[in-house]
Amino acid sequence: MKALRYVTIGAAPEISEVPVPEPGPGEVRVKITAAGACHSDSFLMGLPEEAWHTFGYPLPMTLGHEGVGVVDALGEGARGIETGEPVAIYGPQGCGRCYPCAQGKENYCERAAELHISPPGLGTDGTMAEYVLVPDARHLLPLGDLDPVANVALTDAGLTPYHAIKGSLPKLVAGSTAVVIGAGGLGHVAIQLLRALSPATVIALDLGEDKLALATDVGAHHAFLSDKTAADNIRKVVGARGVTAVFDFVGAQPTVDLAASVIGVESDLVIVGVGSATAQVGMLAKPYDAVIRGPYWGSRSELMEVFDLARAGLVHVETEQFSLDEAPEAYRRLHEGTLRGRAVVVP
């Protein structure tokens, strides 16, 4: 079968021929109908050699942690699922036995590192292939009547902002304001989620006019360039009260500094992006009682909720489609920031 593999550190990923995997005990083989390309993959491929080995990633490795498909084969003892069933792959897989996992919060598994459990494409072979192995049927959620190509990115680009926003919903009441920094793959979904789940005024920030146009198209009330004028433009909207919540889908020092400059008393600063940054906390680090959170992905039940929002027509992902042979080009476009929304690869 064909697979998109990261073979050489610092080089572009390559299309390779690899054997079709055979499911072992309890495993499920899924025939991929669509896979999503994510900035996390781009971040991973930008790691220097020492950092790559610190993370413990293998080489070569098939990329892709967003995937949907059809159940193709069951290993011995695999139960609760049938061949031919359309499914979505839940990426942040855990042990299934610790307290967070028992709540479906496998994204916060307490034993994943100890047991060397890694998400597909982020430590084990991923979804940018014709077939992928899933270690347990519980990681496969019913896709139902959702279009696989249009909705594959919801497994991360929908789930991650949903989980991030859900933690701030008690504060996002009438009269509140939410800022989304980065209106790309995750950010444009976050804007839709904020509009669907809260009455908050939504302000989008980005470096590109095309991304700001996308932000407006999907529901942002205001869209400003993320430059030296951004903080003043935000203050003109919110006044002295400050922003209720900032969702930073970049996570670089300049964006975190900008977010910290516009939050108010009891506000949330939610850093979702995989950049590296620091922020001050403590009683003397005004504003008072502000909260900084660093959420990761989301739970299995939350992914079901995201799918229900999609079925209700309240959230969608802007996508550009590529064949598996064109997948290296999809990642090049992702790295350059020239995609409108998400790149979806269809084997």
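Located above this text is the structure these notes cover.
Below is a summary of the structure that appears in this document. Since we're looking at a predicted model, the values are computed, not measured. (Residues numbered from 1 in each chain as written. Predicted model: local features only at pLDDT ≥ 70, side-chain atom pairs only at ≥ 80, totals over all residues. Heavy atoms only, no water.)

Describing the layout of surface pockets
- Size it by volume and the second largest pocket reaches roughly 350 Å³.
- Partitioning the lining of the second largest pocket into residue classes produces 14 nonpolar, eight polar and four charged. (1 Å grid on protein atoms, 1.4 Å probe; cavity = no way out; pocket = protein on both sides within 12 Å on 5 of 7 lines; lining within 4 Å. Points joined across faces, edges and corners; volume = space filled by probe spheres on them. Nonpolar A, V, L, I, M, F, W, Y, C, P; charged D, E, K, R; others polar.)

Regarding the sheet that holds strand S4 (residues 61-62)
- Taken in spatial order, the three strands of this open sheet run S2-S1-S4, and their pairing is antiparallel. Edge positions in the sheet fall to strand S2 (14-17) and S4, since each has one partner strand and no second.
- Where strand S1 (residues 2-6) lies against S4, two bridges are found, and the strand directions are antiparallel. By the bridge assignment, Arg5 is partnered in S4 with Thr62. (Pairing = 2+ DSSP bridges. Helix = DSSP H or I, 4+ residues; strand = E, 2+ residues; numbered from the N terminus.)

A look at the pattern of salt bridges
- Tallied over the entire structure, the rule returns 20 salt bridges.
- Residues Arg235 and Asp232 are paired through a salt bridge, measuring 3.1 Å at the closest nitrogen-oxygen approach. With Arg235 and Asp232 both in helix H8 (residues 230-238) and three residues apart, this pair spans about one turn of that helix.
- Ionic contacts of the salt-bridge type, sharing partners, join the residues Glu106, Asp136, Arg138 and Arg300 into one network. (Salt bridge = Lys/Arg side-chain N within 4 Å of Asp/Glu carboxyl O.)

Observations regarding the side chain of Asp248
- By the secondary structure assignment, Asp248 is in strand S12 (residues 243-248).
- Buried and unpaired, Asp248 has no salt bridge, with Arg293 as the nearest side chain of opposite charge at 13 Å.
- Within the structure, Asp248 has its side chain in polar contact with the backbone nitrogen of Val250 (distance 2.8 Å).
- Excluding residues that lie within four positions of it along the chain, Asp248 makes contacts with Ile181, Thr255, Val256, Val270, Ile271, Val272 and Gly273. (Buried < 20%, exposed > 50% of the residue type's maximum accessible area, 1.4 Å probe, protein only. Lys, Arg positive; Asp, Glu negative; His and termini not counted. Polar contact = N/O pair within 3.5 Å; in protein donor to acceptor, adjacent residues only side chain to side chain. Contact = heavy atoms within 4.5 Å.)

Points about the sheet that holds strand S10 (residues 201-206)
- Ordered by their spatial adjacency, six strands build an open sheet running S11-S10-S9-S12-S13-S14, and the pairing between neighbours is parallel. Each edge of the open sheet is held by one strand with a lone partner, namely strand S11 (222-225) and strand S14 (291-293). Going across the sheet, the axis of each strand differs from the next one's by a mean of 15 degrees, ignoring polarity.
- Bridge analysis of S12 against strand S13 (residues 263-271) gives five bridges, and the strand direction is parallel. The residue bridging Asp248 from the neighbouring strand is Ile271, located in S13.
- In this fold helix H9 (residues 253-262) packs onto strand S9 (177-181), S10, S12 and S13, with an angle of close to 160 degrees to the strand it touches most, S13. (Axes fitted to C-alpha atoms, helices over the stretch in contact; angles between N-to-C directions.)

Considering H8
- Every buried residue of H8 is listed here: Ala230, Ala231, Asn233, Ile234 and Val238. Down the axis, H8 shows its buried residues gathered within 160 degrees of arc, on one side only.
- Contacts made by the buried residues of H8 are with S9, S10, S11, S12 and H9.
- Gly239 sits one or two residues past H8 and shows a positive phi near 70 degrees. (Arc of directions from axis to C-beta.)

Focus: the pairing of strand S3 (residues 28-37)
- In terms of burial, S3 is largely enclosed, as eight of its ten residues are buried.
- Inspection of the sheet shows S3 paired to strand S16 (residues 342-346) by three bridges, in the antiparallel sense. When the bridges of S16 are listed, Ala35 appears paired with Val345.

So, unusual backbone geometry
- For the bond running from Leu59 to Pro60, omega is -10 degrees, close enough to zero to count as cis.
- Residue position: Pro60 is located in the loop between helix H2 (49-55) and S4.
- Even without being a glycine, His116 presents a positive backbone phi close to 60 degrees.

A word on the packing of aromatic side chains
- If you walk through the whole model with that rule in mind, you get four aromatic pairs.
- With a centroid separation of 5.1 Å and 65 degrees between ring planes, the pair formed by Trp52 and Tyr57 is classed as edge-to-face.
- Residues Tyr296 and Trp297 carry aromatic rings whose centres are separated by 5.7 Å and whose planes lie at 80 degrees to one another, so their mutual orientation is edge-to-face.
- Looking at Trp297, the relative accessible area reads 4%, which means it is buried.
- A connected cluster of aromatic rings, assembled from ring pairs, spans Tyr6, Trp52, Phe55 and Tyr57.
- Cation over ring: Arg29 sits above Tyr131, and NZ or CZ is 5.5 Å from the ring centre. (Phe/Tyr/Trp six-rings, centres within 6.5 Å; stacked < 30°, edge-to-face > 60°. Lys NZ or Arg CZ within 6 Å of the ring centre and 35° of its normal.)

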